[in-house]
Amino acid sequence: MKNTPFTQKHIAFGAKMAEFAGYNMPISYSGINDEHATVRNNAGVFDVSHMGEFILKGENALDLIQRVTTNDASKLTNGKAQYSCLTNYESGIVDDLIVYCMEENKVYMLVVNASNIEKDWNWISDHNTKNAEIHDISDKTCLLAIQGPNASKILQPLTELDILNLKYYTFVKGKFAGVDNVLISATGYTGSGGVEIYFEDKDDCANKIWNSIFEIGTPQGLKPIGLGARDTLRLEMGYCLYGNDIDDTTTPLEAGLGSITKFNKPIPFTAKEILEKQKAEGLKRKLVGFEMIERGIPRHNYQILDRDENIIGYVTSGTQAPSLNKAIGLGYVTIENAALDSEIFISIRNNAVKAKVVKFPFV
């Protein structure tokens, strides 16, 4: 397993550690419910340094991004970011990612999922037919996500950059906690506000930034948060997790990502024609949110049934939602069963347990 620069910090805080995407990562500290509530109500720190970062430079960088991603990156200006995805030749999702515009038409950063770094790098490299300059900076980039309604207020004294008024999907660069060239973005994965801090792992910067954050934050209730609570937080928002809710076999339209699938952008993306046909002909299945009516916890790959116990789909993510005190989930169902308030059943230990389709975010 790989370690992040913060691994010993997690162990010192008493974290339960486990392998995730090849890294030794903190799953929980004080407990998932407590950590979840900390982020929803105050602020918490996630080490997400396992994520991947690619830099694309040069006059053909934007062209490459446009050809491999579904969203329209030509709309980005300096300091703006957008959610997007890579599609394969069959219109499945290679990965979902965030595109950051560092210098319009010249320099971009792509942030990809940890488990897909090598796959994404190979996919993008294979499509780099016009020789854009590309660099994988994943191994030398630290990433901390400080999330929660009070996160920016707690961190503001550590920088002269205005992070209190940072709009969603924008970012700034400058000095933070005495460290130069730090990128601070508002592209969080919890739905509770806050920022993400990217910086290079050199000259003891990881220690400086971690220690500064906790020195100022601990008296205000800031806590370290593990990946367990990250999962419950993102699920309450209905955010997709790659490998669970989206993968190489699910299309952006099926996953409800039509808003980032731009058919009219100047440069067509991979499998555009297949997705146009899917949109014209209508979906056969769709990712929906559901809440349990009867008692039971839905889990990944559990079957979803109709009233007659015919299989109509499968659960992709499920949990007992800490903010709601009820069980919720995401799953693909046939389009005939995807309407809001549709009655569905989750097969839990060979029992058909009643649920209903609801709108998400759940909170």
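Residues numbered from 1 in each chain as written. Predicted model: local features only at pLDDT ≥ 70, side-chain atom pairs only at ≥ 80, totals over all residues. Heavy atoms only, no water.

Q: With reference to specific residues and values, describe the overall build of the protein.
A: Counting secondary structure elements, the protein contains eight helices and 19 strands. By the compact-globule yardstick of 21 Å for 363 residues, the protein fits well, its C-alpha radius of gyration being 21 Å. The principal-axis extent of the C-alpha atoms belonging to the protein is close to 65 × 50 × 40 Å. Residues classed as buried in the protein amount to 57% of the 363 residues present. Summing over all exposed atoms, the protein offers an accessible surface of approximately 15,700 Å²; the carbon and sulfur share of this is 48%. (Helix = DSSP H or I, 4+ residues; strand = E, 2+ residues; numbered from the N terminus. Rg over C-alpha atoms; globule rule 2.2 N^0.38 Å. Buried < 20%, exposed > 50% of the residue type's maximum accessible area, 1.4 Å probe, protein only. Areas by Shrake-Rupley, 256 points an atom, 1.4 Å probe, with all protein chains shown as cover.)

Q: Give a description of the packing of aromatic side chains that names residues and reports values.
A: Scanning the model with the defined rule gives 15 aromatic pairs in all. Ring geometry for Tyr100 and Tyr198: centres 5.6 Å apart, planes at 75 degrees, overall edge-to-face. With Tyr100 in strand 6 (residues 93-103) and Tyr198 in strand 12 (residues 194-200), this pair connects stretches of sequence that are 98 residues apart. Of the two residues, Tyr100 and Tyr198, both sit in the buried class. Their ring planes at 40 degrees and their centres at 4.7 Å tell us that Trp210 and Phe214 sit as a pair that is tilted. On the criterion of helical spacing, the pair formed by Trp210 and Phe214 is a turn pair, its members being four residues apart in helix 6 (residues 205-217). The class of Trp210 is buried, set by a relative accessible area of 2%. Chaining the aromatic ring pairs together yields one cluster made of Phe6, Phe13, Tyr29, Phe199, Trp210 and Phe214. Taking NZ or CZ as reference, Arg230 lies 5.4 Å from the ring centre of Phe46, over its face. (Phe/Tyr/Trp six-rings, centres within 6.5 Å; stacked < 30°, edge-to-face > 60°. Lys NZ or Arg CZ within 6 Å of the ring centre and 35° of its normal.)

Q: Quick rundown of the sheet that holds strand 4 (residues 52-57)? Include the residues and the values.
A: Ordered in space as 5-6-7-4-8, the five strands form an open sheet in which the pairing is antiparallel. Of all strands in the sheet, those with a lone pairing partner are strand 5 (81-87) and strand 8 (133-136), marking the two edges. Going across the sheet, the axis of each strand differs from the next one's by a mean of 25 degrees, ignoring polarity. Pairing of strand 5 with strand 6, which is carried by seven bridges, proceeds in the antiparallel orientation. In the sheet register, Leu86 faces strand 6, and the bridge partner there is Asp95. (Pairing = 2+ DSSP bridges. Axes fitted to C-alpha atoms, helices over the stretch in contact; angles between N-to-C directions.)

Q: Let's hear about helix 2 (residues 32-41): which residues, and what values?
A: Those residues of helix 2 that sit buried are Glu35, His36, Thr38, Val39 and Arg40. Buried residues belonging to helix 2 abut strand 2 (23-28), strand 3 (44-47), strand 9 (141-147), strand 13 (223-225) and helix 7 (227-236). (Contact = heavy atoms within 4.5 Å.)

Q: Now, about the nonpolar core: what can you tell me, with residues and values included?
A: With 29 residues, the main nonpolar core has Phe176, Ile197, Phe199 and Ile213 as its most contacted residues. Of all the secondary-structure elements, those providing two or more residues to this core are strand 9, helix 5 (151-155), strand 11 (179-185), strand 12 and helix 6. In this view, Ile213 contacts Val45, Leu144, Ile146, Leu155, Leu158, Phe176, Ile197, Thr218 and Leu222; residues no more than four positions away in its chain are not counted. With 22 residues, the next largest nonpolar core counts Phe54, Leu86, Val99 and Leu110 among its residues. (Core = buried A, V, L, I, M, F, W, Y, C linked by side-chain atoms within 4.5 Å.)

Q: Could you give an account of the side chain of Asn88, naming the residues involved and the relevant values?
A: If you trace the backbone, Asn88 turns up in the loop between strand 5 and strand 6. Residue class for Asn88 comes out buried when judged on its relative accessible area of 8%. Within the local environment of Asn88, its side chain forms a polar contact with the backbone nitrogen of Glu90, the two atoms lying 2.9 Å apart. With residues up to four places along the chain from it excluded, the contact list for Asn88 reads Ile93, Val94, Trp123, Asp248, Thr270 and Ala271. (Polar contact = N/O pair within 3.5 Å; in protein donor to acceptor, adjacent residues only side chain to side chain.)

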